[in-house]
Amino acid sequence: MTRSAMVVLAAVGLGLAGGCKSNSDKMRERQKARDAEKKAQEDAAEARRKASEPKIDWWTPDEFWEPPGSVKIASGKPCPEGLWALFPTTPGEGPEQAANEAKRAALLEKVKGQTFVATLRHGQGLELRKYNAKKKTLTVEVEGLVECFDGAGLLSVAWGDPAKPYRPKADEEEEGGTPQAVWRAQPVLFALPFDTAAEAKAFAEKDGIGAMARMVFTLGKADVDTKVKKTAKPNGEEGEDQLDWGAGRLVHVKLVGARLSTDHEKKLLAEKRP
């Protein structure tokens, strides 16, 4: 083979390699375009879905019911940052625990100066009692605490007074329960006047379903309940374990105000300003 033929073949080879690379790039570009088009369609569908949802006109709280800088807290949700600093236990392990401990003093000062807001809905911490025909009132019961969680476990925040640990009775444990105690607090009650049971029933079936309680408070004394009990080790192992079945951590708070409303908080039913 002559030198010129070898040069020609090499050039053709390079051309083919370049062509393959070009085709690969084109395929990636086409796939990228298809992905972008699919995402654009999904975004458009989500925008149409949101546009079709009815717009909810919520009440706008004034500064008393939602103070500037106030922090929201709710049951089943992570605790606001720094509440753990009210207690001896520092969340985390190793370097994380050391870093948290270094922030303790600053976090403690911060949370002690904050105001907190909790909202409880019908069926989620707010219940309607039976109509009292003698007093002509329908009582709305608002749970006395919320339970959030952080790296150290469950933490109860109680505006209900008194707040005490509830320990299961022996027969409850025998029926498959555990000795685990929980915090319970006195509920906050609102008595709504109704002339007849029919009026109270109509309220309960309509406005009562949308009832909400807004609790505004500042932090008070921290409390820890422990109840260490000896239990047999699992899997037939010898010896006993020392387990804490106490209710754990709780913060007593000072209630600034409690507001009962319905219709997305626009319709005021009753309020308390202790």
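Owing to the predicted nature of the structure, the values given are computational and were not obtained by experimental measurement.

Participant: How should the environment of glutamine 124 be read in this particular structure?
Facilitator: Note on placement: glutamine 124 falls in the loop between strand E2 (115–122) and strand E3 (125–132). On a C-alpha basis, the gap between glutamine 124 and serine 75 in space is 9.0 Å, while along the polypeptide they are 49 residues apart.

Participant: Help me out: how do you make sense of helix H3 (residues 104–112) in this one?
Facilitator: The α-helix advances 3.6 residues per turn, and as a result positions three or four apart in sequence lie on the same side. Within H3 the residues assigned to the buried category are Arg104, Leu107 and Val111. The arc that holds every buried residue of H3, seen down its axis, measures 70°, which confines them to one face. Looking at H3, the residues exposed on the side facing more than 90 degrees away from the buried face are Ala105, Ala106, Glu109 and Lys112. Residues of H3 that are buried in the fold lie against helix H2 (94–102), E2 and strand E10 (212–225).

Participant: I would appreciate a short explanation of unusual backbone geometry in the present structure.
Facilitator: Of all residues except glycine, most have a negative phi; of all peptide bonds, most are trans. Residue proline 162 follows aspartate 161 across a cis peptide bond; omega there is 10°. Tracing the backbone shows proline 162 in the loop between strand E6 (153–158) and strand E7 (163–166). Residues other than glycine seldom take positive phi values, yet histidine 264 does so here, at roughly 55°. Note that histidine 264 resides in the loop between strand E13 (248–262) and strand E14 (267–272). Accessibility expressed as a relative area gives 30% for histidine 264, which makes it partly exposed. Phi is positive for glutamate 265, close to 70°, though the residue is something other than glycine. Along the chain, glutamate 265 falls in the loop between E13 and E14.

Participant: Before we go on, may I ask you to explain the pattern of salt bridges in this structure?
Facilitator: Charged atoms that come close allow side chains of opposite charge to pair. Scanning the model with the defined rule gives 14 salt bridges in all. One salt bridge connects lysine 267 with aspartate 207, and the closest N-O pair in it is separated by 3.0 Å. Of the two residues, lysine 267 sits in strand E14 while aspartate 207 sits in the loop between helix H5 (197–205) and E10, which places them 60 residues apart along the sequence. Its relative accessible area of 40% is what places lysine 267 among the partly exposed residues. Put simply, Glu66, Lys72, Arg214 and Glu265 are held in one network by salt bridges that share partners.

Participant: What should I look at first to understand the state of the cysteines in this one?
Facilitator: Simply put, the disulfide is a covalent bond whose two ends are the sulfur atoms of two cysteines. Inspection of the entire model under this criterion finds one disulfide. In this model cysteine 79 forms its disulfide with cysteine 148; the gap between the sulfur atoms is 2.1 Å. On the S-S bond that ties cysteine 79 to cysteine 148, the torsion sits near 95°, and the link is right-handed. Of the two residues, cysteine 79 sits in the loop between strand E1 (71–72) and H2 while cysteine 148 sits in strand E5 (residues 145–150), which places them 69 residues apart along the sequence. Pair check on accessibility: cysteine 79 and cysteine 148 agree, each one buried.

Conventions used here
Residues numbered from 1 in each chain as written. Predicted model: local features only at pLDDT ≥ 70, side-chain atom pairs only at ≥ 80, totals over all residues. Heavy atoms only, no water. Helix = DSSP H or I, 4+ residues; strand = E, 2+ residues; numbered from the N terminus. Buried < 20%, exposed > 50% of the residue type's maximum accessible area, 1.4 Å probe, protein only. Arc of directions from axis to C-beta. Contact = heavy atoms within 4.5 Å. Salt bridge = Lys/Arg side-chain N within 4 Å of Asp/Glu carboxyl O. Disulfide = S-S within 2.5 Å.

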